[in-house]
There are 2 protein chains.
Amino acid sequence: MARTRAHNYEDQKESILVGAADMFARKGYLGTSMNDVAEACALSKGSLYHYYRDKDELLISIAENHVTRLVTLVRSVEQDETIPARDRLQVLITRFLIEYSDAQNSHRVLTEDVKYLPEAARQRILDQERVVVKGFADAIAVLRPDVKAAELHKAVAMLLFGMLNWLFTWLRPDGSLTHATIAPLVCELFFNGLGGMREMSKKPKPKSLSATRVKA
Amino acid sequence: MARTRAHNYEDQKESILVGAADMFARKGYLGTSMNDVAEACALSKGSLYHYYRDKDELLISIAENHVTRLVTLVRSVEQDETIPARDRLQVLITRFLIEYSDAQNSHRVLTEDVKYLPEAARQRILDQERVVVKGFADAIAVLRPDVKAAELHKAVAMLLFGMLNWLFTWLRPDGSLTHATIAPLVCELFFNGLGGMREMSKKPKPKSLSATRVKA
DNA sequence: CCTACCGATCGGTAGG
DNA sequence: CCTACCGATCGGTAGG
């Protein structure tokens, strides 16, 4: 009899992405074979190719899903009228850090492996990344209206992304510092600088104002 | 008759490293074949193997030469008694940025490709990187003696390295912003934070590093 | 004739 | 310093 597409087809497809992102994050895109991915997913390579046309499509799916989430996150903050414009940057930082810790592998793949994609697919993802950067640059512009050059807002945004994206290289998942505890430190440093930093104590206290509505 | 080693043997060896670093930086270590390196150096693959035992040895040489320079740079600042302790961090940042712009390819290889090295070689390089981080953490500790936890000094140092190392991903070599013009911006942001930032792109103002602790 | 998946192997190319 | 290759493994696909 005619069989319909397995009811768990989409689930399977999604779970392959999780396994692939884990392998790519650990061994790099080029350092991971399709056999590695298949093994990580407890699938034969043949089955793997049933769900994804080729290796690039795996990478594209991982990167695009993730960057789309980031764009959505930026938009949701921009459109949330309960967030004062001058609080947007802090909210963005905190929410990004939460998103990062939930999607460590995807984010690592996005920042490290997208360069191996064919030009067309790469540009599509880069365009989305530019939207994210623009969102941060705009939030920075609100705080520094005295700075006219949009290029400088973007430069400051990129310095911020440097701090955030570099976390992956040194923040041990099992260490005493976590994405959650580092968020106040990043905000403190970024907003007030080293000179203005208050006691960087063990207990990163839940921040008073806008950070509390971050969970929402 | 017995031939002596070519008089330009060392020069050739060094120039291969330049070509290899360029290729590794552009296409990644795994994305670069030994044929690619040979071609970039205008050498046959056979000749290449005359100078370096294997691909790993190329990567090790590039990374080790570079990280050794960074360690030397840290030591020279620490031992320079004409530099007041509280100025060390700013001097370190500025000198690192100069070094980075002179060795962009090597630095990119150091931050992106060392993970593909066998454990022993990798650890050797990581140990040197830790010395560099320690140097920055110590310079930060001078500015914030009120912070007792050495772990936090290192965390702040790593946030700083994030800003610096991430520059490679977005600072176009031919853009209007350069490593030299970005240095004051980084210092300004890092020392005074966004709130304290003045007209960006102008001369960095003398640091007011009051250890005044504001309690939340 | 469909989807789901297997064991086996394709043509090319990697490092050496 | 080059050409000619090797063992292995790559990403991707065949028949059933």
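Given the structure is predicted, the values throughout are model-derived calculations rather than measurements.

Engineer: How should the overall build of chain A be read in this particular structure?
Structural biologist: Counting secondary structure elements, chain A contains nine helices and zero strands. Taken from N to C terminus, the helices and strands of chain A fall in the order α-α-α-α-α-α-α-α-α. Residue burial in chain A is summarised as follows: out of 216 residues, 50% are buried. Long-range pairs, those at least 24 residues apart, make up 67% of the contacts in chain A between residues at least 6 apart in sequence.

Engineer: Explain the protein's contact with DNA strand D to me, please; I cannot follow it from the model alone.
Structural biologist: Looking at DNA strand D, the residues that line it are Thr32, Ser33, Met34, Lys45, Tyr49, Asp54 and Lys55 of chain A together with Leu43, Ser44, Gly46, Ser47 and Tyr51 of chain B. In the interface set of DNA strand D, defined as its atoms within 4 Å of the protein, sugar plus phosphate atoms amount to 63%. In the model, a phosphate oxygen of DNA strand D is placed 3.2 Å from a nitrogen or oxygen of the Thr32 of chain A main chain. In the environment of DNA strand D, a phosphate oxygen lies 2.2 Å from a nitrogen or oxygen atom belonging to the side chain of Ser44 of chain B.

Engineer: Is there a simple way to think about the environment of Leu126 of chain A in this case?
Structural biologist: Residues and elements named next belong to chain A. Here Leu126 shows up in helix α7 (residues 119-143). A relative accessible area of 18% means that Leu126 is categorised as buried. Leu126 sits 15 residues away from Thr111 along the chain, and the two C-alpha atoms are 10 Å apart.

Engineer: I tried to follow the packing of helix α5 (residues 88-102) of chain A against α7 of chain A on my own but got confused; where do I start?
Structural biologist: Any two packed helices are characterised by the angle at which their axes cross and by the distance between the axes. All names here are of chain A. Running from N to C, α5 and α7 point in directions that differ by 145°, and their axes come no closer than 8 Å. Along its contact with α5, which presents Arg88, Leu89, Leu92, Ile93 and Phe96, the element α7 presents Val132, Gly135, Phe136, Ala139, Ile140 and Leu143. Grouping the constituent residues of the contact of α5 with α7 by class yields nine nonpolar, one polar and one charged.

Engineer: I would appreciate a short explanation of the side chain of His179 of chain A in the present structure.
Structural biologist: Along the polypeptide, His179 of chain A turns up in helix α9 (residues 179-196). When sequence neighbours within four positions are dropped, the list of residues in contact with His179 of chain A reads Leu97, Tyr100, Ser101, Gln104, Leu167 and Leu171 of chain A.

Engineer: What am I meant to see in the nonpolar core here?
Structural biologist: Nonpolar side chains in soluble globular proteins tend to be buried together. Counting 147 residues, the largest nonpolar core has Ile93 and Phe136 of chain A together with Leu89, Ile93 and Phe136 of chain B as its most contacted members. For Ile93 of chain A, the contacting residues outside a window of four places in its chain are Phe136, Leu160, Leu164, Val186, Cys187, Phe190 and Phe191 of chain A.

Engineer: Please explain the packing of aromatic side chains as it appears in this structure.
Structural biologist: Between two aromatic rings, the relevant description is the distance of the centres plus the angle of the planes. Inspection of every chain in the model, using the stated rule, returns 17 aromatic pairs over all chains. Where Phe190 of chain A meets Phe191 of chain A, the ring centres are 6.0 Å apart and the plane angle is 75°; that geometry is what we call edge-to-face. The same class applies to Phe190 of chain A and to Phe191 of chain A, which are both buried. For the ring pair Phe96 of chain B and Phe136 of chain B, a centre distance of 4.8 Å and an interplane angle of 85° mean the geometry is edge-to-face. Within this pair, whereas Phe96 of chain B is found in helix α5 (residues 88-102), its partner Phe136 of chain B is found in helix α7 (residues 119-143), the two being separated by 40 residues in sequence. Owing to a relative accessible area of 0%, Phe136 of chain B belongs among the buried residues under this scheme. The aromatic ring of Tyr52 of chain B is capped on one face by Lys13 of chain B, whose charged end is 5.0 Å from the ring centroid.

Engineer: I tried to follow the pattern of salt bridges on my own but got confused; where do I start?
Structural biologist: When the charged atoms of two side chains lie near each other, side chains of opposite charge can form a pair. Considering all chains together, one arrives at 24 salt bridges over all chains under this definition. Between Asp36 of chain A and Lys27 of chain A there is a salt bridge whose closest N-O contact spans 3.4 Å. The class for Lys27 of chain A is partly exposed, based on a relative accessible area of 35%. Between Arg69 of chain B and Glu99 of chain B there is a salt bridge, and its shortest N-O distance comes to 2.9 Å. Of the two residues, Arg69 of chain B sits in helix α4 (residues 55-79) while Glu99 of chain B sits in helix α5, which places them 30 residues apart along the sequence.

Engineer: What am I meant to see in unusual backbone geometry here?
Structural biologist: Among all residues save glycine, negative phi is the norm, and among peptide bonds the norm is trans. For Ala42 of chain A, which is not a glycine, the phi torsion comes out positive at approximately 55°. Mapped onto the secondary structure, Ala42 of chain A falls in the loop between α2 (34-40) and α3 (45-51).

Engineer: What should I look at first to understand α7 of chain B in this one?
Structural biologist: An α-helix turns once per 3.6 residues; consequently, residues spaced three or four apart project the same way. Here α7 of chain B is 25 residues long and its end C-alpha atoms lie 36 Å apart, about the 36 Å a rise of 1.5 Å per residue gives. Three or more residues of α7 of chain B are buried, namely Ala121, Ile125, Leu126, Val132, Val133, Gly135, Phe136, Ala137, Ala139, Ile140 and Leu143 of chain B.

Engineer: Before we go on, may I ask you to explain the packing of helix α4 (residues 55-79) of chain A against helix α6 (residues 104-112) of chain A in this structure?
Structural biologist: Residue and element names in this part refer to chain A. One can describe the packing of α4 onto α6 by two numbers: an axis separation of 9 Å at closest approach and a directional angle of 105°. Relative to α6, α4 is oriented roughly perpendicular. Contacts between α4 and α6 pair Leu59, Ile62, Ala63, His66, Val67 and Leu70 from the former with Ser106, His107, Val109 and Leu110 from the latter. Of the residues contributing to the contact of α4 with α6, the split by class is seven nonpolar, three polar and no charged.

Engineer: I would appreciate a short explanation of the environment of Arg86 of chain B in the present structure.
Structural biologist: Among the secondary structure elements, Arg86 of chain B is positioned in the loop between α4 and α5. Sequence separation between Arg86 of chain B and Gln128 of chain B is 42 residues; the distance between their C-alpha atoms is 24 Å.

Engineer: Help me out: how do you make sense of the environment of Gly135 of chain B in this one?
Structural biologist: Residue and element names in this part refer to chain B. The residue Gly135 is located in helix α7 in this model. Overall, Gly135 belongs to the buried group, its relative accessible area being 4%. Measuring from C-alpha to C-alpha, the distance between Gly135 and Val71 comes to 8.6 Å, with 64 residues separating the pair along the chain. For Gly135, the residues in contact, after removing those within four places along its chain, are Val74, Glu78 and Leu92.

Engineer: Explain the side chain of Asp36 of chain B to me, please; I cannot follow it from the model alone.
Structural biologist: Residue and element names in this part refer to chain B. Note that Asp36 resides in helix α2 (residues 34-40). With a relative accessible area of 18%, Asp36 lands in the buried category. Residues contacting Asp36, with those up to four places away along its chain left out, are Met23, Lys27 and Gly31.

Criteria and thresholds
Residues numbered from 1 in each chain as written. Chains lettered and ligands numbered in written order. Predicted model: local features only at pLDDT ≥ 70, side-chain atom pairs only at ≥ 80, totals over all residues. Heavy atoms only, no water. Helix = DSSP H or I, 4+ residues; strand = E, 2+ residues; numbered from the N terminus. Buried < 20%, exposed > 50% of the residue type's maximum accessible area, 1.4 Å probe, protein only. Contact = heavy atoms within 4.5 Å. Near = heavy atom within 4 Å. Polar contact = N/O pair within 3.5 Å; in protein donor to acceptor, adjacent residues only side chain to side chain. Axes fitted to C-alpha atoms, helices over the stretch in contact; angles between N-to-C directions. Nonpolar A, V, L, I, M, F, W, Y, C, P; charged D, E, K, R; others polar. Core = buried A, V, L, I, M, F, W, Y, C linked by side-chain atoms within 4.5 Å. Phe/Tyr/Trp six-rings, centres within 6.5 Å; stacked < 30°, edge-to-face > 60°. Lys NZ or Arg CZ within 6 Å of the ring centre and 35° of its normal. Salt bridge = Lys/Arg side-chain N within 4 Å of Asp/Glu carboxyl O. Expected span 1.5 Å × (residues − 1). Parallel < 35°, antiparallel > 145°, perpendicular 65-115°, else oblique.

Everything listed is a geometric property; what it means functionally is a separate question.
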